[in-house]
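Residue-level listing of the chains:
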Amino acid sequence: MKKVGLYFGTFNPIHIGHMVIANHMVEFSDLDEVWFVVTPQSPFKVKKSLLDNHHRYQMVLEATEEYPRLKPSKIEFDLPQPNYTINTLVHLTEKYPNGHRFCLIMGEDNLKGFHKWKNYEEILEGYDLYVYPRVSEGTIESQFKEHPRIHRVAAPIMEISSTFIRREHKKGKNIRPMLPQAVWKYMDEMNFYR
């Protein structure tokens, strides 16, 4: 049985913070693989700063190429919008009925608001959560503190954000060390976020 952690995000662009966390999950927890689930552009809120789905997926593909246990996923591109995490989990469980067990990877900041998620009880009934530390305000609900389905993984705290990268790149700052080399190359060639 392959245990797969799903790491959701717009990955606009994917950066070394994402890579460090995903790699930490496959190396230092019982997850066999991590799939980067690229969140599609919502047709309901078009964000000018959000690159086209295909380009963000391509950057994740480039970033994970040399890491056999890290994989890009565009599964949500084909699901009806707006989409909720529970739908993706159910869809993947149906698509891979044998040999895969899916789990959710999230930052501590997301766990603090998890009680507001659609069908969060259903998610916790059927799926494990792997939580990595984040610097954030607020508190974790007591129901999630000792929950048997919630696993804390002491991954490094990564304070790099895609927003910061886009903003500073636009100003002409060198943000290259914050990106996997292949991602920087793709981004630079395509002249993104300038």
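Our structure is the block above this text.
This section reports on the structure supplied with the text. (Residues numbered from 1 in each chain as written. Predicted model: local features only at pLDDT ≥ 70, side-chain atom pairs only at ≥ 80, totals over all residues. Heavy atoms only, no water.)

Side note on the side chain of Glu168
1) Next: You can see Glu168 is positioned in helix α7 (residues 162-170).
2) Next: Polar side-chain contacts of Glu168 include one of 3.1 Å to the side chain of Arg167.
3) Next: Residues contacting Glu168, with those up to four places away along its chain left out, are Lys173 and Ile175. (Helix = DSSP H or I, 4+ residues; strand = E, 2+ residues; numbered from the N terminus. Polar contact = N/O pair within 3.5 Å; in protein donor to acceptor, adjacent residues only side chain to side chain. Contact = heavy atoms within 4.5 Å.)

A look at the nonpolar core
1) Next: With 34 residues, the main nonpolar core has Tyr7, Ile14, Met25, Val34, Phe36 and Ile105 as its most contacted residues.
2) Next: Only α1 (16-28), β2 (33-38), α2 (53-64), β4 (100-107), β5 (129-132) and α8 (181-190) provide two or more residues apiece to this core.
3) Next: Take this core: its biggest share by element is five residues, from α1.
4) Next: Beyond its immediate chain neighbours, meaning those up to four positions away, Ile14 contacts Met19, Phe36, Met59, Val60, Ala63, Leu179, Pro180 and Val183. (Core = buried A, V, L, I, M, F, W, Y, C linked by side-chain atoms within 4.5 Å. Buried < 20%, exposed > 50% of the residue type's maximum accessible area, 1.4 Å probe, protein only.)

Remarks on unusual backbone geometry
1) Next: The peptide bond linking Asn12 to Pro13 adopts the cis configuration, its omega dihedral lying at 5°.
2) Next: Structurally, Pro13 is set in the loop between β1 (2-9) and α1.
3) Next: Residue Pro82 is reached from Gln81 by a cis peptide bond, and omega for that bond is -10°.
4) Next: Positionally, Pro82 belongs in the loop between β3 (70-73) and α3 (85-95).
5) Next: Even without a glycine there, the phi angle at Asn191 is positive, about 60°.
6) Next: Assignment of secondary structure puts Asn191 in the segment after α8.

A look at the pairing of β5
1) Next: The side-chain alternation of β5 yields two buried faces, one formed by Leu129 and Val131 and the other by Tyr130 and Tyr132.
2) Next: For β4 and β5, the ladder comprises four bridges, and the chain directions are parallel. The partner of Leu104 across the bridge, within β5, is Leu129.
3) Next: Relative to strand β6 (residues 150-152), β5 runs parallel, the two sharing three bridges. The residue bridging Leu129 from the neighbouring strand is Ile150, located in β6. (Pairing = 2+ DSSP bridges.)

Focus: the packing of aromatic side chains
1) Next: Inspection of the entire model under this criterion finds 14 aromatic pairs.
2) Next: A ring pair is formed by Phe192 and Tyr193, whose centres lie 6.2 Å apart and whose planes are at 65°; its orientation type is edge-to-face. Comparing Phe192 with Tyr193, the two get one shared label, buried.
3) Next: Chaining the aromatic ring pairs together yields one cluster made of Tyr7, Phe11, Phe36 and Tyr132.
4) Next: Residue placement shows Lys74 over the ring face of Tyr57; its charged tip is 4.6 Å from the ring centre.
5) Next: Across the ring face of Tyr84, the terminal group of Lys118 is positioned such that the distance to the ring centre comes to 5.1 Å. (Phe/Tyr/Trp six-rings, centres within 6.5 Å; stacked < 30°, edge-to-face > 60°. Lys NZ or Arg CZ within 6 Å of the ring centre and 35° of its normal.)

A closer look at α8
1) Next: Buried within α8 are the following residues: Val183, Trp184, Tyr186 and Met187. Taken around the axis of α8, the buried residues stretch over an arc of 165°, which confines them to a single face. Opposite the buried face of α8, at more than 90 degrees from it, the exposed residues are Gln181, Lys185 and Glu189.
2) Next: Just beyond α8, the residue with positive phi is Asn191, at close to 60°. (Arc of directions from axis to C-beta.)

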